[in-house]
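Structural overview for review
The primary structure of each chain is shown beneath.
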Amino acid sequence: MPEVVCHLDDLLARRGMTLTALADQVGVTPVNLSVLKNNRAKAVRFSTLVALCEALDCQPGDLFTVE
């Protein structure tokens, strides 16, 4: 069965940004971002997705893929 895979680690590494710094910028707890990063999240709010994409200067397809 296909699953959604989060590429947050790759995007953070390419931008030299920490999870904590991103959490502060987006207004989400580091724990919640960690859940997302480790592919344990069941859902993502559109407002959070937009904030992540703005902070990382990316599109949703850069952050998530279906594999």
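Before reading further, recall that the structure is shown in the block above.
Our subject in this report is the structure included herewith. The structure displayed is predicted, hence computed values, not measured ones. (Residues numbered from 1 in each chain as written. Predicted model: local features only at pLDDT ≥ 70, side-chain atom pairs only at ≥ 80, totals over all residues. Heavy atoms only, no water.)

**Describing the overall build of the protein**
Within the protein one finds five helices and two strands. Each helix and strand of the protein, ordered N terminal to C terminal, gives the series β-α-α-α-α-α-β. Taken over C-alpha atoms, the radius of gyration comes to 11 Å for the protein, in line with the 11 Å a tight globule of 67 residues would show. With the principal axes as the frame, the protein shows a C-alpha extent of 35 × 20 × 20 Å. Buried residues in the protein amount to 33% of all 67 residues. (Helix = DSSP H or I, 4+ residues; strand = E, 2+ residues; numbered from the N terminus. Rg over C-alpha atoms; globule rule 2.2 N^0.38 Å. Buried < 20%, exposed > 50% of the residue type's maximum accessible area, 1.4 Å probe, protein only.)

**Points about the nonpolar core**
Residues L8, L22, L33, L52, L56 and L63 are the most contacted members of the largest nonpolar core, which totals 19 residues. Ranked by residues supplied to this core, first place goes to helix α4 (residues 46-56) with five residues. Excluding anything up to four places from it in sequence, L56 contacts L8, L11, L12, R15, M17, L22 and L63. (Core = buried A, V, L, I, M, F, W, Y, C linked by side-chain atoms within 4.5 Å. Contact = heavy atoms within 4.5 Å.)

**With respect to the pattern of salt bridges**
Under the defined criterion, the tally for this structure stands at one salt bridge. For K37, the salt bridge goes to D9, with nearest N and O atoms at 3.7 Å. Separated by 28 residues along the polypeptide, K37 in helix α3 (residues 30-37) and D9 in helix α1 (residues 8-15) bring together distant segments of the chain. The class for K37 is partly exposed, based on a relative accessible area of 21%. (Salt bridge = Lys/Arg side-chain N within 4 Å of Asp/Glu carboxyl O.)

**With respect to the environment of V66**
Mapped onto the elements, V66 comes out in strand β2 (residues 64-66). When residues no more than four places from it in sequence are discounted, the contact partners of V66 are P2, E3 and V4.

**Section: the environment of V26**
Looking at the element boundaries, V26 is found in helix α2 (residues 19-26). Taking relative accessible area as the criterion, V26 reaches 14% and is therefore assigned buried. Considered as a pair, V26 and D9 are 17 residues apart in the sequence and their alpha carbons are 16 Å apart. Among residues more than four places away in sequence, those in contact with V26 are T48, A51, L52 and A55.

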